Amino acid sequence: MSLTTYIFGILAALFTLAVVVDLLRRGRMRERHAIWWLLAGVLALIIGIFPGILDWFAELIGVGAPVNLVFFVSIAVLFLVCIQHSTELTNLESKTRTLAERSALQQLEIEELRDRIAKLPRNEE
C-alpha cells in the first residue's frame, strides 16, 4: 500500500474516535452505544499504524486476503451494533406501551372523578 493509503487510514480512524468522543462529551451518545464504535476506531488505528498486524492475523486465522478480514470484522461490528439497537428498541417499545396504558387508565380515573364531582350537590350560600 502507498503512504497516502496509510495516512488516510490513520486519519479516518482518528476522525472516528474524535467524533465518538465528542458525542460522548456532549451527551449526544451514551457509553453503551459508543463501545462498539470506539472498539472499531481503536482497531482501525492500530491497523493503520501497524499494517503488518493485519497481514499476520489474516495469515494466523487462514484468511487469504487481509482485506477480507477487514470486511468481516467491519460487518461483525455493524451486526453487533444492530443487535444492540434492536434490543434497546424492543425495551423502549415495551416501556412506551406501558406508559400509554398507564396514561389511559389515569385519563379514565380523571373523567370518573369529574363525573362524581359534577353530581355532587352544590352548596349555594
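As a starting point, this report considers the structure included with it. These figures come from a predicted structure and were not determined experimentally. (Residues numbered from 1 in each chain as written. Predicted model: local features only at pLDDT ≥ 70, side-chain atom pairs only at ≥ 80, totals over all residues. Heavy atoms only, no water.)

Some remarks on the packing of helix α2 (residues 31-49) against helix α3 (residues 51-61)
When two helices pack together, their arrangement is captured by the angle between the axes and the distance separating the axes. Convention followed: Under this scheme, a helix contributes an axis fitted over its contacting stretch, all axes are lines through C-alpha atoms, and angles between N-to-C directions fall in the 0 to 180 degree range. Only DSSP runs of H or I with at least four residues qualify as helices, and only runs of E with at least two residues qualify as strands; both kinds are numbered from the N terminus onward. With respect to orientation, any angle under 35 degrees is reported as roughly parallel, any angle over 145 as roughly antiparallel, any angle of 65 to 115 as roughly perpendicular, and every other angle as oblique. Whether two residues touch is decided by their heavy atoms; if any such pair falls within 4.5 Å, the residues are in contact. Only Asp, Glu, Lys and Arg are considered charged, only Ala, Val, Leu, Ile, Met, Phe, Trp, Tyr, Cys and Pro nonpolar, and every remaining residue, Gly among them, polar.
α3 packs onto α2 with a crossing angle of 100 degrees between their chain directions and a minimal axis gap of 4 Å. Here α2 is positioned roughly perpendicular relative to α3, judged by the angle of their axes. Side by side, α2 and α3 meet where Ile46, Ile47, Gly48 and Ile49 of the first sit next to Pro51, Ile53 and Leu54 of the second. For the contact of α2 with α3, a count of residues per class yields six nonpolar, one polar and no charged.

Considerations on the layout of surface pockets
By rolling a water-sized probe across the atoms, one finds the places where empty space is left. This is how the line gets drawn: Here the term cavity refers to a set of points on a 1 Å grid, laid over the protein atoms alone, in which a 1.4 Å probe fits but cannot get out; the term pocket refers to an open set having protein on both sides within 12 Å along at least five of seven lines, with lining residues being those that place an atom within 4 Å of a point. Grid points are joined across faces, edges and corners, and a volume is the space filled by probe spheres set on the points.
The volume enclosed by the largest pocket comes to roughly 980 Å³. Looking at the largest pocket, it is lined by 30 residues, and the ones nearest its centre are Leu43, Ala44, Ile47, Val70 and Ser74. For the lining of the largest pocket, the secondary-structure elements that each account for two or more residues are α1 (3-26), α2, α3 and α4 (66-119). Looking at the lining of the largest pocket, its residues break down into 23 nonpolar, six polar and one charged.

These figures come from the coordinates and say nothing about function on their own.
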